[in-house]
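As a plain string of letters, each chain reads:
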Amino acid sequence: MIQLRNIIIAILLLIILVGLRCRKEEESEVAEIAEHSAEETNVSKAEHVGRRACIDCHKRQYDLYVGSDHDMAMDVATEETVLGDFGNAVFVHSGIESRFYKKEDKFYVYTEGPDGKFVDYPIEYVFGIRPLQQYLIEFPRGAYQCLPLCWDTRPEDEGGQRWFHIYGDERIEPSEILFWTRITQNWNYMCSECHSTNLRKQYDRFKEEYNTVWSEIDVSCEACHGPGSEHVKWAEAADRGQRYETTGYLGLVIRLKETDGATWVFRDPEKGTAERTVPKQTQALVEMCARCHARRALANEPYVHNRPFLDTHTPSVLEEHLYYPDGQIYEEVYVYGSYLQSKMFLAGVGCRDCHEPHSGKVFIQGNALCYRCHLQEKFGVKSHHFHKDDSTGNLCVECHMVERTYMVVDPRRDHSMRVPRPDLSDRLETPNACIQCHDHKDKLNRWAADYCRQWYGELQDGQTHYGEIFHAGRRGYPEAVGGLIGLANDRQNPPMQRATALSLLGNYPSKEAFSAIRQNINDPDPLIRSMAVQSLEMVTTHERFPLIKHLLKDPVRLVRVRAAFSLAGASRSQMTREERRLLRIALDEYKQVQYINADHPTSHLNLGVIATLEGDQTAAEAEYRKAIKLEPMLYHTYINLADLYRSQGKDDLGEKALKQALELNPSFSDVYHALGLLYVRQKNYNNALEYLKKATELAPENSRFSYVYGIALHSRQKSQDALNVLKNALDFHPYDRDLLYALTTINRDLSKFEDALEYTLRLIELYPQDQSFRQLEQLLRSRL
């Protein structure tokens, strides 16, 4: 734990860095943040003592822990810990030949380095154990990188005991952002927190180096239970028959055992599902597990036990490219986001109801685990699953928790625990459990859906699945608005569904969407509050300020910093002295979150945006340049930098920055689009059309690119070409307002009034609240 004195020193240094202030205001702010920090760190004297202090009293739990994935999460590379073949084994991947060997007592790999040259790298640490083992290599400035060549630890008869590349057959060039020596494969940033106990990354943004330390190299007792010195003192005093005064239960920083006395009972045999006797009082255990079993970013260091999850981390909601539209896992998102959209979470089921927490294993293999809460007489019969008793279709998890394989050999189950919906798969382009098992050319989604209807009746049951709403919302379809509002406002829905609905409502700047977002600003769940704040970007800072200024003092960090970011551009002249002070504190806290992750370029991108909003263009440029230095292949930074130069009237520098990005990667469609717009401003229309066209060719799914290119063609008297581009884009985006309006106006300008009227009528059908379309209809009818 950082002592209170050091926290205050750190805050003073931070204030010096972000600018001098009035002495009285400084003292007031430091005192307030210090008070916050003292509360957060639970100023008990608890320190980490290591697992040896736990073994004598907790031998049963320790025996379960030994040999578990937690126990083997990370270790020094030795004869005992290294499982891979380092006996001069050769592995060839995409023409790159790597060799694994031993020299004296060290393990080495001879493989491709960051400049394309081959280097002998010593293996410092092993990482993980089942079903694969990875290897860490030390680089300068305290960085450790994850070698992409992994050892398959499965038995040979299961396809294991071999080397493989973590990206399968894909060739990753040294110049690509996913190459193993870049930030995306950096252990300190990407992996470290979840594989060791009391780990502190400690990246020094001034020296650009890591000082990463830990109390224990693997995941031990105190990773979950918190620093145990006070608990040990309490136990030692109890052994002597003495009383030891300490904070917390038995000196524990956090108590993970539930104390509400709840049990699970079968109240309704017809329903066949157990119910909790009392509502769940705390999510402490779930949020503890979420720290490592969620797709999230670090927001606070060192980690503080017994604080809300969103006080220390920023989780992802059901975002595109991470989850399928219906919430099924797509990318490597772990468990938390899936679980928070499930009925099980709403019913009060927690991780420990199925998993023994010390070993991580489920209590019982097979259907017996599920029968503890779901009556076998109702759910374990053929009239429910309609499969043979000896088939995989008889297993609950094969239908309700399908597997998806990551890292080539690591299958993981989806914890949203859903009813299979093959009837949605064609429309939403989602997988389903039926076809995952019956993977034959003659077994299609429609085939599976027909069987499900035959067995269970109408699958829709008169309701729209939230996946259908998210699918429409991701594409900007107007009919999604009502469904998104319904999902967001109904507190009976799982929190992850509601939060995702709010995130998508931010793309619909309308009175109805704004009203729904405003309604959720003060929701009891901080995830909902934080997403409501984020979605208010649809209105001006002047409109936002009175709605969310109180959230600058929210008890949860994620809500505070999102409110600060949202209000960073607000006019200080309209604020009271107290409001300005609170905004400064919250903005400092937002910056501190970015400083913690200053080893990643996106943090500097965020700091650049904040500096721009605060009017400090010099600082913004420096942050964007720093981001480019850290990772030249992150194209967003070049676009932000060029936009900064545009605001300064320096488009020549913006052009140079964007062309630098294209030299690194000629497939950056967003950069081509940005360059096209720059040339439009310069009235260099030939270049503008060339670059705008290239952007649409590289990203035909991006309706905005096609719209801008079409308008540019029309402005240069190439109207028929413009119509062709816009019509092609409309095939991808049949509900896009801008595309439809452009097709209307261009046809009108060409005196093609019938065609213009056809598109206008579609606009009226889709956007009946917009009276301007009806006026346009009247004008066109008068011309016919």
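Here we summarise the structure given alongside this text. (Residues numbered from 1 in each chain as written. Predicted model: local features only at pLDDT ≥ 70, side-chain atom pairs only at ≥ 80, totals over all residues. Heavy atoms only, no water.)

## Some words on the overall build of the chain
Each helix and strand in the chain was counted, giving 37 helices and 18 strands. The globule rule puts the C-alpha radius of gyration for 784 residues at 28 Å, and the 29 Å found for the chain is close to it. Counting only C-alpha atoms and orienting by the principal axes, one finds that the chain spans roughly 95 × 75 × 60 Å. Relative to its full complement of 784 residues, the chain shows a buried share of 48%. Counted over contacts in the chain with a minimum sequence separation of 6, partners at least 24 positions apart contribute 54%. Looking at charge distribution, the chain has the averaged site of its 95 positive side-chain charges lying 4 Å from that of its 113 negative ones. (Helix = DSSP H or I, 4+ residues; strand = E, 2+ residues; numbered from the N terminus. Rg over C-alpha atoms; globule rule 2.2 N^0.38 Å. Buried < 20%, exposed > 50% of the residue type's maximum accessible area, 1.4 Å probe, protein only. Contact = heavy atoms within 4.5 Å. Lys, Arg positive; Asp, Glu negative; His and termini not counted. Charge placed at Lys NZ, Arg CZ, Asp CG, Glu CD.)

## A short note on the environment of histidine 225
Looking at where histidine 225 falls in the secondary structure, it is placed in helix H6 (residues 221-225). On the accessibility criterion, histidine 225 (32% relative accessible area) is partly exposed. Spatially, the C-alpha atom of histidine 225 lies 64 Å from that of tyrosine 685, the residues being 460 residues apart in sequence. Among all residues touching histidine 225, those that are not within four sequence positions of it are Val253, Ile254, Leu256, His305 and His358.

## Section: the sheet that holds strand E4 (residues 106-112)
The four strands are arranged E2-E3-E4-E5 in an open sheet whose pairing can be described as antiparallel. Edge positions in the sheet fall to strand E2 (89-93) and strand E5 (118-122), since each has one partner strand and no second. Across the sheet, the axes of successive neighbouring strands diverge by a mean angle of 20 degrees, strand direction being ignored. Looking at chain direction, E4 and E5 are connected through five bridges and run antiparallel. Within E5, the residue paired with valine 109 across the bridge is tyrosine 121. (Pairing = 2+ DSSP bridges. Axes fitted to C-alpha atoms, helices over the stretch in contact; angles between N-to-C directions.)

## So, the packing of helix H31 (residues 669-681) against helix H33 (residues 703-715)
For any two helices packed against each other, the geometry is given by the interaxial angle and the distance between the axes. One can describe the packing of H31 onto H33 by two numbers: an axis separation of 11 Å at closest approach and a directional angle of 25 degrees. Comparing the axis directions of H31 and H33 gives the class roughly parallel. Read as a crossing pair, H31 and H33 show a hand that is left-handed. Note on element contacts: H33 touches H31 through Arg704, Phe705 and Val708, opposite Ser669, Asp670, His673 and Leu677. (Parallel < 35°, antiparallel > 145°, perpendicular 65-115°, else oblique. Left-handed = near helix turned anticlockwise from the far one by under 90°.)

## A word on the pairing of strand E18 (residues 410-413)
Burial of the side chains of E18 is restricted to one face: Asp410 and Arg412 are buried, whereas none of Pro411 and Arg413 on the reverse face is. As paired strands, strand E17 (residues 403-406) and E18 are joined by four bridges and run antiparallel to one another. Looking at the pairing, threonine 405 lines up with proline 411 of E18. Between E17 and E18, which pair antiparallel and follow one another directly, the connecting turn spans three residues, one of which, methionine 407, has a positive phi of 50 degrees.

## Some thoughts on the nonpolar core
Membership of the largest hydrophobic core comes to 76 residues, with the highest contact counts inside it found for Phe470, Leu484, Leu502, Leu505 and Leu552. Formed by 27 residues, the second largest nonpolar core is a distinct cluster that contains Ala620, Ile628, Leu662 and Leu678. (Core = buried A, V, L, I, M, F, W, Y, C linked by side-chain atoms within 4.5 Å.)

## Quick notes on the environment of tryptophan 151
Among the secondary structure elements, tryptophan 151 is positioned in strand E9 (residues 149-152). Sequence spacing of tryptophan 151 and aspartate 651 is 500 residues, and the spatial spacing of their C-alpha atoms is 50 Å. Discounting chain neighbours no more than four positions away, the residues touching tryptophan 151 are Leu83, Gly84, Asp85, Pro131, Leu132, Gln133, Tyr135, Gln161, Arg162, Trp163 and Phe164. At 3.3 Å, the side chain of tryptophan 151 forms a polar contact with the backbone oxygen of leucine 83. (Polar contact = N/O pair within 3.5 Å; in protein donor to acceptor, adjacent residues only side chain to side chain.)

## Re the environment of aspartate 410
The residue aspartate 410 is located in strand E18 in this model. A relative accessible area of 15% places aspartate 410 in the buried class. Considered as a pair, aspartate 410 and alanine 290 are 120 residues apart in the sequence and their alpha carbons are 19 Å apart. What aspartate 410 contacts, discounting residues up to four positions off in sequence, is Pro131, Leu132, Arg404 and Thr405. Only 3.0 Å separates the side chain of aspartate 410 from the side chain of arginine 412, close enough to count as a polar contact.

## Structural notes on helix H21 (residues 495-505)
Here H21 lies mainly inside the structure; ten of its eleven residues are buried. Of all the residues in H21, the buried ones are Pro495, Met496, Gln497, Arg498, Ala499, Thr500, Ala501, Leu502, Leu504 and Leu505. Against the buried residues of H21 lie helix H10 (336-339), helix H11 (343-347), helix H19 (466-474), helix H20 (480-489), helix H22 (511-519) and helix H23 (526-535).

## Some thoughts on unusual backbone geometry
Of the consecutive residues arginine 130 and proline 131, the connecting peptide bond is found in the cis state with omega at -5 degrees. Along the chain, the position of proline 131 falls in the loop between strand E6 (125-127) and strand E7 (132-138). Cis rather than trans, the peptide bond between glutamate 301 and proline 302 has omega equal to 0 degrees. Structurally, proline 302 is set in the loop between strand E15 (296-298) and helix H9 (309-312). Unusually for a residue other than glycine, histidine 321 sits at a positive phi of about 75 degrees. Inspection of the secondary structure puts histidine 321 in the loop between strand E16 (313-315) and H10. Residue classification places histidine 321 among the exposed residues on the basis of a relative accessible area of 60%.

## Things to note about the pattern of salt bridges
When their charged atoms lie close together, side chains carrying opposite charge are able to pair. Counted under the stated rule, the structure contains 48 salt bridges. With a shortest N-O distance of 3.0 Å, aspartate 63 and lysine 59 are connected by a salt bridge. On the criterion of helical spacing, the pair formed by aspartate 63 and lysine 59 is a turn pair, its members being four residues apart in helix H4 (residues 59-65). Exposure remark for aspartate 63: the relative accessible area of 44% places this residue in the partly exposed category. Linked by salt bridges that have partners in common, Arg307, Asp311, Arg557, Arg560 and Glu589 make up one network. (Salt bridge = Lys/Arg side-chain N within 4 Å of Asp/Glu carboxyl O.)

## What to know about the state of the cysteines
Each disulfide is one covalent bond, formed between the sulfur atoms of two cysteines. For the structure on display, the rule yields zero disulfides. Lacking any disulfide linkage, cysteine 396 is separated from the closest cysteine sulfur, that of cysteine 370, by 3.9 Å. (Disulfide = S-S within 2.5 Å.)

## Considering the packing of aromatic side chains
For the structure shown, the criterion picks out 33 aromatic pairs. With 5.2 Å between their ring centres and 90 degrees between their planes, tyrosine 121 and tryptophan 180 make a pair best called edge-to-face. Linking tyrosine 121 in strand E5 with tryptophan 180 in the loop between strand E10 (162-165) and helix H5 (187-190), this pair joins segments that are 59 residues apart in sequence. On the basis of an interplanar angle of 70 degrees and a centroid distance of 5.2 Å, the ring pair of tryptophan 151 and tryptophan 163 is categorised as edge-to-face. Of this pair, tryptophan 151 sits in strand E9 while tryptophan 163 sits in strand E10, and the two are twelve residues apart along the sequence. Three or more aromatic residues joined by ring pairs form one cluster here, namely Phe86, Phe100, Phe107, Tyr135, Trp151 and Trp163. The ring of tyrosine 303 has arginine 291 sitting right over it, with the charged end atom 3.7 Å from the ring centre. (Phe/Tyr/Trp six-rings, centres within 6.5 Å; stacked < 30°, edge-to-face > 60°. Lys NZ or Arg CZ within 6 Å of the ring centre and 35° of its normal.)

## A few points about the packing of H21 against H23
Where H21 contacts H23, the two axes come as close as 8 Å, and the packing angle between them is 5 degrees. Judged by the angle between their axes, H21 and H23 are roughly parallel. Counted together, Pro495, Met496, Arg498, Ala499, Leu502 and Ser503 of H21 and Leu527, Ile528, Met531, Ala532 and Ser535 of H23 form the full contact between these two elements. Considered class by class, the residues forming the contact of H21 with H23 number eight nonpolar, two polar and one charged. (Nonpolar A, V, L, I, M, F, W, Y, C, P; charged D, E, K, R; others polar.)

## Comments concerning the side chain of glutamate 589
Inspection of the secondary structure puts glutamate 589 in helix H26 (residues 577-596). Residue glutamate 589 is classed as buried on the basis of its relative accessible area, which comes to 17%. Each residue touching glutamate 589, except ones within four places of it in the same chain, is listed here: Arg557, Arg560 and Val561.

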